Structure formats: C-alpha cells, structure tokens
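What the coordinates show
For reference, the chains in residue letters:
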Amino acid sequence: MLIKSIFGGKSEMTESASKKCPVVLMTRIRLARNLSDTPFPGWAKAPQRQEVLETCLPAVASLSQMKRGITAEVEELTELEKQILVERHLISRELSSAPEKAGIVISKDQSVSVMINEEDHLRIQVIKSGYRFKQAWNSVTNVDSSLEDDLDYAFSSQIGFLTACPTNVGTGMRASAMMHLPALVISNQMEKVVRAVNQLGIAVRGLFGEGSDASGSIFQISNQTTLGESEEEIIKRLSSVLKTIIDQEMNAREKILEKDPNKLFDKIGRAYGILQNSHLLSSSECMNLASLVRFGVDLEMFPEKTRNIVDRMFIECQPGHIQHHTGREIDSQDRDAIRSEYLRKQFENIDKPVFAIDETPKPEDQPEAERNEDSKD
Amino acid sequence: MAKPLKCDLCDDAATVHLTQIVNNQIHKIDLCESCAEKKGITDPNGYSLADLLVKPGDSAEETAEPIEGGLVCDECGYTRREFKKTGRLGCEQCYDTFESLLSPALAGMHKGERHKGKVPARSLERKTYEDRLSSLESDLQLAIQKEQYEDAARVRDEIIELKKTTRTEEGK
C-alpha cells in the first residue's frame, strides 16, 4: 500500500528533468525541532517517546501540506519499505533503525517529509528538484510555522532552537544541494574542492549522506554551522560556495573537452554501450554509467529526454528499488541481472551519442531568484 | 622496546594514547585502560565533540581533575559522562546544566554564539501568556491572603482582561 503510492506519484527526485540543471540535481532543507518539556528522543524513556509520537503524528498528518499523504509508524514498515524510503531520501538511515515509537509523514508529492523521534522529536524536510533554495525554504518554514501553532517548541532566545546535538542548535537548519560533478572527479580536483569548501564551514558528503561513497560523481554539499547566522544568511553563504563549485565544474568540463576530448568521448560511448548490452550491473557501476550519460546529455550528445531516464536511474537502480520491482526475494547476483535487463530496455531506443561538440557548455544553474520562477508552493 | 609509558592519572601502564591538535598545538595524553574508560574517551565515535570541550593548553590537567564529573541534569538525569560519550544532550534543560562545557564548544563549532534566525512566535506568545497568568494568579492569592481586596479586584480584572484578549487572538 505504502510503496504503491510512493511509486505511483511523481517525485521531486526523479522528475528534475523538466528543469535544465546541469549541475544541481536537487535542493533540500531540513529543520530540527523539539518539543518543550520532554527529553530528546535518544534519552527519552519508551512512554515519553510514545507520548511524543502520539502528539506529533496527528499534528503533522493534519497539515494541509500532508493532505492525502502517507502516515506511518516506523515499526509498521517492512525492511524493504524502509530501504526504499531511505533510497528516495525521504527518511534517514537513523530513523529506519530507530528503536521504537518513531514515525514518518510524507506528502503526496513526496516533497515534504517529517520524521518523528529521530535524533530530534521532529525533523522537517523539503526536497525540491534543481537549484531552488528559496522555494524549499518557503515551503519548509510554512510547515514549521503551522506545526508551531499547535506544538510548543524547545527554544532559547540566546541560542535558538534546542536540539539533541549541539551541532544543530540555533536555526536547526541543514540546507544542502545534490551536485553532479563528473568533470571535477575525472580531473582529480574533488579533493582540492572538498578541502577548500570545508574551511568555509561547508560540508561535502556522498549521495546518501555521512559515510556514503560518492558513486555517480554526486555530492551533497551543506552548511555545517547553525548558530550565529540567520537562515537567509546561511543559505546565501552556501549559495555563493555552490556557485563557485558550479563554475569550477564548468571550467573543468571545458578543459577536458579542450585537452582530451577523445578520452571523454570514449568514456561516454562505452557507458552507452554497456547500458545497451550488459547482462550484469551492480548498483555502483550503474551510478557511474548514469553519471557519464548525464554528462553526455549536458553536452547535447544525447537527446534531452535521456536526462529523465538517467535521473531516475540514480534512485531506481538502488538495491531496494530493484528488489521491489522484481516482486520477490532475490540475491544480489539476481539483482544485477534484473538491473541490467531494466536498463537495456530503457536504452533500447536511445540514439547513439553524437560526438560533435561545437559549443562549450555554459553554466545554466542559477538560484531561483534570478530564474524568476513561479514561487508559489 | 621502549619502556612502557605510565598513565597520566595513576601509575599503571598506559595503553591509550591520545593526541589532539587544538589550534595547531599538539597535546598528548597517555592513559591506562581503566582511566581512559572512566573519562569516556575509548569510544572513537563519541570523542570528536569532547575534543572541542577540552580547552587548549590544559587538556591533561582537565582530564586529571574531574571537577565537573558529578554534573547531572536535574530535569532528566543526564550526566556529563554521557554527554562526553555521545556528544548529545538529554533535554532542553541540559543546555543550562552543561552551560560551562557548552559555551566554549559552541563558540568553536558555530559562526557565532547568539541565535539570529527564526523565532517560534506562537510558542513564545503562549509562554509569555502562561508566565503572565501564573504571576497574576499568585498576586491575586497574595492580595487575598493579606486581605487587600482592592488590589485583589484589580488583579482579578487584569486576569479577565488577559484571558479575553488572548481568546480573541486565538479566535481569529
């Protein structure tokens, strides 16, 4: 039931193709909030956790943003359901292994999700495809304010929202952008970028957050500090770092095309060949192939519609999704076979890449303000 | 083989060697296993925050002097030891309880020490209302006890007024 509705609806994660975003795949903001007068989830006793869940779950589920959404206690979910939610970035790994009395509410369009009794009582998250911090912030702050109508938050005028971990205190906000940086990876510049960015109080992680690898050349870039600046200031600072990284990536792309186009064409051509013909594909190989094809789409070697297929690959080639797609218990070898079968079908009708590059790519990612988009959420 | 180091706290052989770099200064501590465990530093995952808690220059001394070792949160029973182990707090009150440990740490991990962002206006409004109401109610009791009925009547009217204005606000 749960999974069906997740797969049925459009998701911000998989539909970014409609927007022209060569580098920023998606934008995400989450707020950490706690109820006043109750210990934080990690220290609370079972009855206290239960009380928090009983207070928060209906309060969140009744929000207008959550109309016809999904509401569940984590204990009710199967392992596979939890894995799929993690792969879609709708819940954290921490929540999926939460001891008991944890909950999740997900909006119908899967852009808003609220976790209950994770590290904090409430983790409110909004995901937007492309580079849209402004819309993500408007949306997340609306959910937050509506919840605050009913719930008393733990707050200090000195140090802001009080969170279980002092690294989140203040705004309780973590803003992040999922960036696709194939040229920086190919030209071995990522380490340099990570080091420079870290010094500015900005963190770089892999696709699935802390400790995950950066397969597919996808990186999560987020603010590390939450106290001493307003939300707008944090987002502004993060955006200026993101802009620099976008510029670096675009420069690296130009340089590769200038210096050694054949090396790149070879990689992209092989990726296309493998996707059309392979019979066993692991999820990490699949991520790297998807990354190369996406790079090819940016360079107009493939038709624009291919971007959508590739962006879905990043999510739907994850083990949990393949498992669900099959509908029966399978081991990883079978998964690799099924994954490649699915991709052969996807790439069957994709024309082979055009290796004539007349123009160098121009950065098209721009913050929402300059793109003058519809900001109603 | 070199002579085994002695624990900085007792005379047992040191098996836990901790090197910290704080503000480009290297600090080394050698501890035996039981002292290390007592100080809660054997868990590598939980120690990153504790690094920040030890002020540069007195790492060894502070470890040796557990002045605040007995610090416990009145509200939720969370201990300093637990905090050092996990880097997390037990409840909102812990921020006051462990303030002496937290302030230097917060300064080290954030851009500033004062919140400049969003304020939960409704939560604060309700809190102000409740605080005001309970203070008026105790004024009322006091006035009645002292048989100052004019004051009591005035406070009673204030309470009625406060409740009325808040209700109209909520009714919007």
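Residue numbering note: each chain is counted from 1, following its sequence as written. Chains carry letters from A onward and ligands carry numbers from 1 onward, assigned in written order. The model is predicted, so local features are restricted to residues of pLDDT at least 70 and side-chain atom pairs to those at 80 or more, both for listing and for counting; the totals for chains, interfaces and linings are taken over all residues.

Tallying secondary structure elements over chain A gives 14 helices and 10 strands in all. Backbone-placed C-beta atoms define the burial measure: a residue is buried with 20 or more other C-beta atoms within 10 Å of its own, exposed with 12 or fewer, and partly exposed in between. The burial tally for chain A puts 52% of its 377 residues in the buried class. Strands here are runs of E lasting at least two residues and helices are runs of H or I lasting at least four, both read from the DSSP assignment and numbered beginning at the N terminus.

Another aspect to go through is the overall build of chain B. Of the regular secondary structure elements, chain B holds 8 helices and 2 strands. Of all 172 residues assigned to chain B, the portion counted as buried reaches 27%.

With respect to the element layout, Phe40 of chain A can be found in the loop between β1 (24-33) and α2 (46-61). Residue Phe40 of chain A is classed as buried on the basis of its 27 C-beta neighbours within 10 Å. It is 8.1 Å that separates the C-alpha atoms of Phe40 of chain A and Asn117 of chain A, two residues lying 77 residues apart in sequence. C-beta atoms are first placed from the backbone for all residues, and any pair lying within 7 Å is then listed as a contact. With residues near it in sequence (within four places) discarded, Phe40 of chain A still touches Asn34, Asp120 and Ala164 of chain A together with Leu89, Gly90 and Cys91 of chain B.

Should the pLDDT be low somewhere, the predicted coordinates at that spot are not to be read in detail. What pLDDT expresses is the predictor's confidence in each residue, scored from 0 to 100. In the predicted model, chain A carries a mean pLDDT of 88, and the fraction of residues at 70 or more is 87%. Confidence over residues 369-377 of chain A falls short of pLDDT 50; this stretch has 9 contacts with residues more than four positions distant or in other chains.

A few words on helix α13 (residues 332-347) of chain A. Residues and elements named next belong to chain A. Expected helix span is computed as 1.5 Å times (number of residues minus one). Its 16 residues place the ends of α13 22 Å apart at the C-alpha level, agreeing with the 22 Å of an ideal helix rising 1.5 Å per residue. Looking only at α13, the buried set comprises Arg335, Asp336, Arg339, Ser340, Leu343 and Phe347. In an axial view of α13, the angular spread of the buried residues amounts to 130°, which keeps them on one side of the axis. In this context, the arc is that of the directions from the helix axis out to the C-beta atoms.

Another point: the sheet that holds strand β5 (residues 122-129) of chain A. Residue and element names in this part refer to chain A. By the convention used here, strands pair only if DSSP detects at least 2 bridges between them. A sheet is described by the order of its strands in space; here 8 strands give the open sequence β2-β3-β4-β5-β1-β8-β10-β9, paired in antiparallel fashion. Both edges of this open sheet fall to β2 (70-73) and β9 (202-205), since each of them pairs with a single strand only. This sheet shows a mean twist of 15° between the axes of neighbouring strands, independent of strand direction. With 4 bridges joining them, β2 and strand β3 (residues 103-106) adopt antiparallel strand pairing. Within β3, the position partnered with Ala72 by the bridge is Ile104. In this fold helix α5 (residues 133-150) packs onto β1, β4 (112-116), β5 and β8 (173-180), with an angle of close to 25° to the strand it touches most, β1. Axis definition: a line fitted to C-alpha atoms, over the contacting stretch in the case of helices. Angles run 0 to 180 degrees between N-to-C directions. Helix α7 (residues 190-198) contacts β9 and β10 (218-223) of the sheet and is inclined by roughly 150° relative to β9.

Further remarks concern the nonpolar core. Put simply, a nonpolar core is a cluster of buried Ala, Val, Leu, Ile, Met, Phe, Trp, Tyr and Cys residues tied together by C-beta atoms within 7 Å. Ranked by size, the top nonpolar core spans 120 residues in total, and within it Ile116, Met179, Ile221 and Val293 of chain A together with Leu89 of chain B carry the most contacts. Discounting chain neighbours no more than four positions away, the residues touching Ile116 of chain A are Val52, Leu53, Cys56, Leu57, Ala102, Gly103, His121 and Leu122 of chain A. Judged by nonpolar contacts, the second largest core, of 5 residues, contains Leu9, Ala14, Leu31 and Cys32 of chain B.

Residue and element names in this part refer to chain A. Orientation of helix α12 (residues 319-326) relative to α13, taken along the N-to-C sense of each, is 80°, at an axis distance of 10 Å. Regarding the angle of α12 to α13, the classification is roughly perpendicular. Residue-level contacts link Pro319, Ile322, Gln323, His325 and Thr326 of α12 to Arg335, Ile338 and Arg339 of α13. Residues were grouped as follows: Ala, Val, Leu, Ile, Met, Phe, Trp, Tyr, Cys and Pro as nonpolar; Asp, Glu, Lys and Arg as charged; and all remaining residues, including Gly, as polar. When grouped by side-chain class, the residues that make up the contact of α12 with α13 number 3 nonpolar, 3 polar and 2 charged. Roughly parallel refers to an angle under 35 degrees, roughly antiparallel to one over 145, roughly perpendicular to one between 65 and 115, and oblique to any angle outside these ranges.

At the interface, 33 residues of chain A touch 26 residues of chain B. Of all the secondary-structure elements, those providing two or more residues to the side of chain A that touches chain B are α5 and β6 (155-156) of chain A. At 3 residues, the largest contribution of residues to the side of chain A that touches chain B is made by α5 of chain A. Grouping the constituent residues of the side of chain A that touches chain B by class yields 13 nonpolar, 15 polar and 5 charged.

This brings us to the packing of helix α10 (residues 283-298) of chain A against helix α11 (residues 305-316) of chain A. All names here are of chain A. Contact pair α10 / α11: the axes reach a minimum separation of 9 Å and the direction vectors enclose 155°. With respect to each other, α10 and α11 are oriented roughly antiparallel. The handedness of the crossing between α10 and α11 comes out as left-handed. Within the contact between the two elements, α10 uses Cys286, Met287, Ala290, Val293, Arg294 and Val297 and α11 uses Thr306, Arg307, Val310, Met313 and Phe314. Broken down by class, the residue content of the contact of α10 with α11 amounts to 8 nonpolar, 1 polar and 2 charged. If you view the pair so one helix is near and one far, a crossing is left-handed when the near helix is turned anticlockwise from the far one by less than a right angle, and right-handed when it is turned clockwise.

All names here are of chain A. Within the element layout of this structure, Ile186 appears in helix α6 (residues 182-186). Of the residues examined, Ile186 has 20 C-beta atoms within 10 Å and is grouped as buried. Distance from Ile186 to Ile202, taken between C-alpha atoms, is 22 Å for residues 16 residues apart in sequence.

Residues and elements named next belong to chain A. With 8 of 8 residues buried, β5 is to be regarded as a mostly interior element. Burial along β5 is two-sided: Leu122, Ile124, Val126 and Lys128 and Arg123, Gln125, Ile127 and Ser129, pointing in opposite directions, are all buried. Judged from the 8 bridges that link them, β1 and β5 form a sheet pairing that is antiparallel. Each residue of the ladder has a partner; that of Ile29, found in β5, is Val126. Relative to β5, β4 runs antiparallel, the two sharing 5 bridges.

Here we come to the environment of Lys163 of chain B. Residue and element names in this part refer to chain B. Along the polypeptide, Lys163 turns up in helix α8 (residues 149-171). Under the C-beta neighbour-count criterion, Lys163 is labelled partly exposed, with 13 such atoms within 10 Å. Between the alpha carbons of Lys163 and Tyr129 there is a distance of 8.7 Å; along the sequence they are 34 residues apart.

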